Amino acid sequence: MSKEDIVNKDQDKLAEMFHNKFGIYPVRVMKLPGAGSARKYYRLAAEDVCCIGTVSDDLTDSRAFVSLSGLFRKYNINVPEVYAHSADFRYYLQQDLGDEQLFDLLKRREGNGDLTDTAVEMVKSSIDELVKVQCVDPVEIGGCVGYAAFDRRQVMWDLNYFKYEYLKPSGVAFDENALEDDFERFAECILGYAAEDRGFMYRDFQSRNVQIWQGKPWLIDFQGGRIGPRIYDIVSFLWQAKADFSDTFRQAMSQLYYTRIKEAFSSKGESYCYTESEFKSALNVFALFRTLQVLGAYGLRGLVERKAHFIESIPNALKNLDSLLKIGVADEYPVLKKVCEQICRDERFEPDSHSGLLITVFSFSYKKGYPADYTGNGGGFMFDCRGMHNPGRYEEYKPLTGRDKPVVDFLEERGEVQKFCATAIDLVSPSVECYIRRGFSNLQIGFGCTGGRHRSVYCAERVSRALSEKFPDAAVRLIHREQGIIKDL
């Protein structure tokens, strides 16, 4: 069966469910952009009826979503209604909550960078909805979730996720046994705080999982929830990297959460598990844990799979990590603290001091792969210099680079390199002009050859200088990757 056949089959199945539920067939079926999962979403509409059709091969997630939706709605929590589902739960129809996320509101800042009043109110209302979810009886929750309760195994999975998907791809050197010892002790601390705090743990409660509909926040994507520490969710929400909340705002909202959840427990004649001082200590511990976990995700999706959205999130996650290190959250774990300090100093993710367009010109070896793009911009230009005569084939030039006069003379005497560089500049220049005009911030240009030592180095040098002279409004950074040379022109 072709991919097109599968898509048509999925749409036909959803359309039939729509007809069975509403008595009419949809006149429009539109595939919606995918998110971080493999689930597929379609908007189905006819006359004044509209809903979202979901197709998922993860039947555990689907069953959990349908069950939890029904449970939460029983308690008047703002979650989408599930209208219908197939017998195997692979297909289901849910309420259409529009396209606006809380994240969209958080991006619309005031001129001074502060959140708008509307965004602040929606954040507060989202916390209220979270507290309502977390106060549902854990016994009822346990009958709906599809995953095992939070335990040591899950803590160690997440810590090693950080190690294998972020630290190792970043080339950080560390004593693995000593780091595992720190992980074990950190896990004990986490589990100590989690022991009494047992309720619905959303697992990924953040602004992209809050829809704004009819002026209220609605919670989505809770199918990965399980029984676990409730505090994890307010940390996930307030320390979300792309939300970019200030430390002051986090403190105010965490205090609001503490007040709200204490009141909720008190109204049931119960006591919340933490005193205020215990809550603040636990908050910092889980903030460090969550930050390491998301860095593991950003490492896999960004550093390994090169997905722009995840790369863009890394600088803010590192900023969060640095703030936690400065208040001493990792002081009891010296090896973990050391590797965290190293990645916080990673030059790849240091904020650029320039304003306007930054043109980054690389030389590199094809044997070691293309230069990574850590701006999240993607694209750019890559030029293959291997069609020119190679100075590296001659013993007298092997120890030299394309920056040395004998290699420069060798390349220029043949006349190939001048035409090659001139053509590259002609190709790149219209994009530079466009990027400057449209206010773009990054453009990457690479020159590759066999060893990244002679031809590519010469071309990167010559083209970067020419672009710097031709476009004084742009900043130009030259990176000879294989020589470890970085300079701003």
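Overview of the structure. Note that the structure is a prediction, hence the values are computed from the model and not measured. (Residues numbered from 1 in each chain as written. Predicted model: local features only at pLDDT ≥ 70, side-chain atom pairs only at ≥ 80, totals over all residues. Heavy atoms only, no water.)

**Looking at the overall build of the protein**
Part 1 of the reasoning: On a plain count of helices and strands, the protein comes out with 15 helices and 14 strands.
Part 2 of the reasoning: Across its three principal axes, the protein shows a C-alpha extent of roughly 85 × 60 × 45 Å.
Part 3 of the reasoning: Relative to its full complement of 489 residues, the protein shows a buried share of 50%.
Part 4 of the reasoning: A separation of at least 24 residues holds for 72% of the contacts in the protein among residues at least 6 apart in sequence.
Part 5 of the reasoning: For the protein, the exposed area adds up to about 22700 Å²; of that, 48% sits on carbon and sulfur atoms.
Part 6 of the reasoning: A distance of 3 Å separates the average location of the 64 positive side-chain charges in the protein from that of its 71 negative side-chain charges. (Helix = DSSP H or I, 4+ residues; strand = E, 2+ residues; numbered from the N terminus. Buried < 20%, exposed > 50% of the residue type's maximum accessible area, 1.4 Å probe, protein only. Contact = heavy atoms within 4.5 Å. Areas by Shrake-Rupley, 256 points an atom, 1.4 Å probe, with all protein chains shown as cover. Lys, Arg positive; Asp, Glu negative; His and termini not counted. Charge placed at Lys NZ, Arg CZ, Asp CG, Glu CD.)

**Digging into the packing of helix α6 (residues 152–167) against helix α12 (residues 334–344)**
Part 1 of the reasoning: Where α6 meets α12, the closest approach of the two axes is 13 Å, and the angle between their N-to-C directions is 35 degrees. In this structure, α6 crosses over α12, and the sense of that crossing is left-handed. Counting all contacts with α6, which are made through Phe162, Tyr166 and Leu167, the residues of α12 involved are Leu336, Val339, Cys340 and Ile343.
Part 2 of the reasoning: Class assignment for the residues of the contact of α6 with α12 results in seven nonpolar, no polar and no charged. (Axes fitted to C-alpha atoms, helices over the stretch in contact; angles between N-to-C directions. Left-handed = near helix turned anticlockwise from the far one by under 90°. Nonpolar A, V, L, I, M, F, W, Y, C, P; charged D, E, K, R; others polar.)

**Let's talk about the packing of aromatic side chains**
Part 1 of the reasoning: Scanning the model with the defined rule gives 35 aromatic pairs in all.
Part 2 of the reasoning: Each ring, one from tyrosine 232 and one from phenylalanine 286, has its centre 6.5 Å from the other, and the planes form 85 degrees; the classification is edge-to-face. Pair noted here: tyrosine 232 is in helix α8 (residues 231–238) and phenylalanine 286 is in helix α10 (residues 276–304), with a separation of 54 residues, a long-range link. For the pair tyrosine 232 and phenylalanine 286, a shared accessibility class is recorded, and that class is buried.
Part 3 of the reasoning: Measuring from ring centre to ring centre gives 6.5 Å for phenylalanine 383 and phenylalanine 420, while their planes differ by 75 degrees; the resulting arrangement is edge-to-face. Of this pair, phenylalanine 383 sits in strand β11 (residues 381–384) while phenylalanine 420 is found in helix α14 (residues 416–438), placing the two residues 37 residues apart along the sequence.
Part 4 of the reasoning: One aromatic cluster is present, built from ring pairs that chain together Phe65, Phe72, Tyr92, Phe200, Tyr202, Phe205, Phe222, Phe237, Phe245 and Phe249.
Part 5 of the reasoning: Its guanidinium or amino end placed over the ring of phenylalanine 103, arginine 208 lies 3.8 Å from that ring's centre, counting from NZ or CZ. (Phe/Tyr/Trp six-rings, centres within 6.5 Å; stacked < 30°, edge-to-face > 60°. Lys NZ or Arg CZ within 6 Å of the ring centre and 35° of its normal.)

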